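Residues per chain are reported as follows:
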Amino acid sequence: MEHWKAIPGYEGFYEVSDLGRIRSIDRFIYNRWSGKNDRSVKGKIRKTEEAHDGYRRVRLLRNGKTKKYFVHRLVMNAFKPNPNPEKYTQINHKNEITYDNRLDNLEWCTQTYNNNYGDRIAKQAKALVNGKKAKPVGQYTLDGRLVKIWPSTRECERHGFKHSGVGACCLGKWPTYKGYKWKYIK
């Protein structure tokens, strides 16, 4: 069973559920020209958007001003207000799925706890090596023999080759770098 609570600061306008959904509520709109509440507005589930880091956000409107909020923060502030705001500055997603904003998947925590939770560090290390824009790089001797295939120019840098020098060779700007030829592998 889904439970709803008013969003603090938006009482009478929006509610949040323990399943991580946001809805506007049925209400009358005040007409400043007639001076009456003469227009009925039906409430509905609000659409969320994905932020660049995978977290879900929602836009809320009040007094003609729109503001964006992270859904997980709205859920926690409505159902489990922060017991110690100075200590617990972050909210952890227990299953590490940032768009899963169910109340039972969220917990207040410290930054250190959140950063070290689960396999986050391993995922970040993998992303650094094989990020979205990373391209595999081939390292060749001057006579054209393949020495090694690197996952990215950044990985080359972790082993003593500057990524800018490797990248310059891969782009054809330099013929060699540190005694090797370098090429992007497609």
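All of these numbers come straight from a predicted model, not from anything done at the bench. Note that residues are indexed from 1 along each chain, following the sequence as it is written. Since the coordinates come from a predicted model, pLDDT governs what is reported: local features require at least 70, and pairs of side-chain atoms require 80 or more to be given and counted, while whole-chain, interface and lining totals use all residues. Only heavy atoms go into the side-chain values, all of them from the structure, while hydrogens and water stay out.

### A closer look at helix α5 (residues 163-170)
- Each residue is placed in one exposure class: buried if its accessible area under a 1.4 Å probe, protein chains only, is under 20% of its type's maximum, exposed if it is over 50%, and partly exposed if it falls in between. A run of DSSP states H or I qualifies as a helix once it reaches four residues; a run of E qualifies as a strand once it reaches two. Both are numbered from the N-terminal end. Burial runs high along α5: six of the eight residues are buried.
- When we look at burial in α5, the residues that qualify are G165, V166, G167, A168, C169 and C170.
- In this description, contact between two residues means that some pair of their heavy atoms is separated by no more than 4.5 Å. Buried residues along α5 sit against β11 (137-140), α4 (153-157) and β13 (181-184).
- Of the residues trailing α5, G172 is marked for its positive phi of about 85 degrees.

### Some points on the sheet that holds strand β6 (residues 49-50)
- Strand order in the open sheet formed by three strands is β6-β7-β8, with antiparallel pairing between adjacent strands. Across the chains shown, the open sheet's two edge strands, defined by having one partner strand only, are β6 and β8 (65-70).
- Two strands are counted as paired when DSSP detects at least two bridges linking them. Direction of pairing for strand β7 (residues 56-62) relative to β8: antiparallel, over a ladder of six bridges. Bridging across to β8, R59 finds its partner in K68.
- Here an axis means a line fitted to C-alpha atoms, over the contact stretch when the element is a helix, while the angle between two N-to-C directions is reported on a 0 to 180 degree scale. Strands β7 and β8 of the sheet are contacted by helix α1 (residues 71-79), whose axis makes an angle of about 85 degrees with β8.

### Let's talk about the packing of aromatic side chains
- What counts as a ring pair is set by centres within 6.5 Å for rings of Phe, Tyr and Trp (its six-membered ring), and what kind of pair is set by the plane angle: stacked under 30 degrees, edge-to-face over 60, tilted for all other angles. Scanning all chains against the criterion turns up nine aromatic pairs.
- Ring centres of Y113 and Y117 lie 5.5 Å apart, and the angle between their planes is 55 degrees; this geometry places the pair in the tilted category.
- Both rings, one in F161 and one in Y180, keep their centres 6.2 Å apart while their planes meet at 85 degrees; by these two values the pair is edge-to-face. Here F161, found in the loop between α4 and α5, pairs with Y180, found in the loop between α5 and β13; they are 19 residues apart in sequence, far enough to count as distant.
- Look at F161 and you get buried, because its relative accessible area is 13%.
- The exposure class of Y180 is partly exposed, given its relative accessible area of 25%.
- Joined through ring pairs, the aromatic side chains of W150, F161, Y180 and W182 make up one cluster.

### Considering the confidence of the model for the protein
- Confidence scores per residue from the predictor, reported as pLDDT, run from 0 to 100. Residues of the protein with pLDDT of at least 70 account for 90%, and the chain-wide mean is 89.
- Confidence, read as mean pLDDT per element, is least for helix α3 (residues 120-129) in the protein (66) and greatest for α1 (97).

### Section: unusual backbone geometry
- Residue E96 is not a glycine yet carries a positive backbone phi of 65 degrees.
- Within the fold, E96 resides in the loop between β9 (90-93) and β10 (106-109).
- Given a relative accessible area of 26%, E96 falls into the partly exposed group.

### Section: the environment of K94
- Tracing the backbone through its elements, the reader meets K94 in the loop between β9 and β10.
- Residue classification places K94 among the partly exposed positions, given a relative accessible area of 35%.
- Spatially, the C-alpha atoms of K94 and D104 are 8.5 Å apart, while their sequence positions differ by 10 residues.
- In contact with K94, other than residues within four places in its own chain, are D104, N105, L106, E107 and Y117.
- The term polar contact refers here to a pair of N or O atoms within 3.5 Å; inside protein, the definition further demands a hydrogen-donor-capable atom paired with an acceptor-capable atom, and it admits residues adjacent in sequence only when both atoms are side-chain atoms. Side-chain polar atoms of K94 contact the backbone oxygen of D104, separated by 3.4 Å.

### Let's talk about α1
- Summarising burial for α1: seven of the nine residues are buried, a large majority.
- Taken together, the buried positions of α1 are V71, H72, L74, V75, M76, A78 and F79.

### Notes on the pattern of salt bridges
- Salt bridges, as used here, are contacts in which a Lys or Arg side-chain nitrogen is within 4 Å of a carboxyl oxygen on Asp or Glu. Across all of its chains, the model carries 12 salt bridges by this definition.
- A salt bridge links K42 to D26; the nearest nitrogen and oxygen atoms lie 3.7 Å apart. Of this pair, K42 sits in the loop between β5 (36-41) and β6 while D26 sits in the loop between β3 (22-24) and β4 (27-31), and the two are 16 residues apart along the sequence.
- Take K42: its relative accessible area is 64%, and that puts it in the exposed class.
- R57 serves as the salt-bridge partner of E49, at 3.3 Å between the closest nitrogen and oxygen.
- Salt bridges linked by common partners bring E49, R57, R59 and K68 together as one network.

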